[in-house]
Amino acid sequence: MFQVISGRSVQASRLLGARGAVLVESVRGRKSRTDEVAKSKAGRLKVPPPVDPVEMVVLKERYSEYQLIMRALRMEFKREMLKKKYEKETGSLAEERHRQEVAEHRELMAWNQQENRRLLQLRVLRLQREKEAAEHKILEAALKREQEEQELIEEKEKEILQLQEDAKTFITLDNLDQRIEEALDNPKNYNFAVDKEGRIVKQTVLQ
């Protein structure tokens, strides 16, 4: 934005523009901060670079002009914003905005009522399905319980029939003598050995 007046600065910028980027290491090497100053730099004094008075005057003037221009732009932008704000709050824009808000509110209320009706229908359907599912679950539980009771009754009836059938072979006082004679007439030898298939492979002889 600013033009350098000094000839030496222009010449230096041309010389530096032709050179590539200077690479500087980010580390300090092996020398620490507590080491002494090198002997070759012991008597050196750091002198700031010379400043061209003419160039400094020109830079100050242009910087002042820049500040004035930016201040004027900021004031202009602020005035435009205040004007728009005033028209929006008190002018025709406020009335138009009020009408738009009323229309938007009416549309939102209509949409809200429609959405409430839709959600109500969905809630009624959901409650009806839940009620039907609960009734179906209760009916299934009752049927299952009734089936289990029926199976238990059938199992007990089979046990009773089996006990009645087994009772025919029970030894009582009435048939005690008869059963003793049958056992003596038909002796059974239970002293035998069986293999894995259940066949008798060895049996002793009754004495």
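Note that the structure is a prediction, hence the values are computed from the model and not measured.

Describing the overall build of the chain
Check the secondary structure of the chain and you find 4 helices and 2 strands. For the chain, the sequential pattern of α-helices and β-strands runs α-α-α-α-β-β. Residue burial in the chain is summarised as follows: out of 207 residues, 3% are buried. Just so you have it, the chain exposes about 20,800 Å², and 57% of that area is on carbon and sulfur atoms.

A look at the pattern of salt bridges
According to the stated counting rule, one finds 9 salt bridges in the structure shown. With a closest N to O distance of 3.3 Å, Arg 79 and Glu 80 form a salt bridge. The partner of Glu 115 in a salt bridge is Arg 118, and the shortest N-O contact between them spans 2.2 Å. One end of the pair, Glu 115, and the other, Arg 118, are both in helix α3 (residues 92–167), 3 residues apart, so they sit about a helical turn from each other. Salt bridges linked by common partners bring Glu 76, Arg 79 and Glu 80 together as one network.

Let's talk about the confidence of the model for the chain
For the chain, the mean per-residue pLDDT works out to 81, and 82% of the residues sit at or above 70. No element of the chain has a lower mean pLDDT than helix α1 (residues 7–18), at 46, and none a higher one than α3, at 91. Below a pLDDT of 50 lies the segment residues 1–18, which in the model reaches 14 contacts outside its immediate sequence neighbourhood of four places, other chains included.

Criteria and cut-off values
- Residues numbered from 1 in each chain as written.
- Predicted model: local features only at pLDDT ≥ 70, side-chain atom pairs only at ≥ 80, totals over all residues.
- Heavy atoms only, no water.
- Helix = DSSP H or I, 4+ residues; strand = E, 2+ residues; numbered from the N terminus.
- Buried < 20%, exposed > 50% of the residue type's maximum accessible area, 1.4 Å probe, protein only.
- Areas by Shrake-Rupley, 256 points an atom, 1.4 Å probe, with all protein chains shown as cover.
- Salt bridge = Lys/Arg side-chain N within 4 Å of Asp/Glu carboxyl O.
- pLDDT = per-residue confidence, 0-100.
- Contact = heavy atoms within 4.5 Å.

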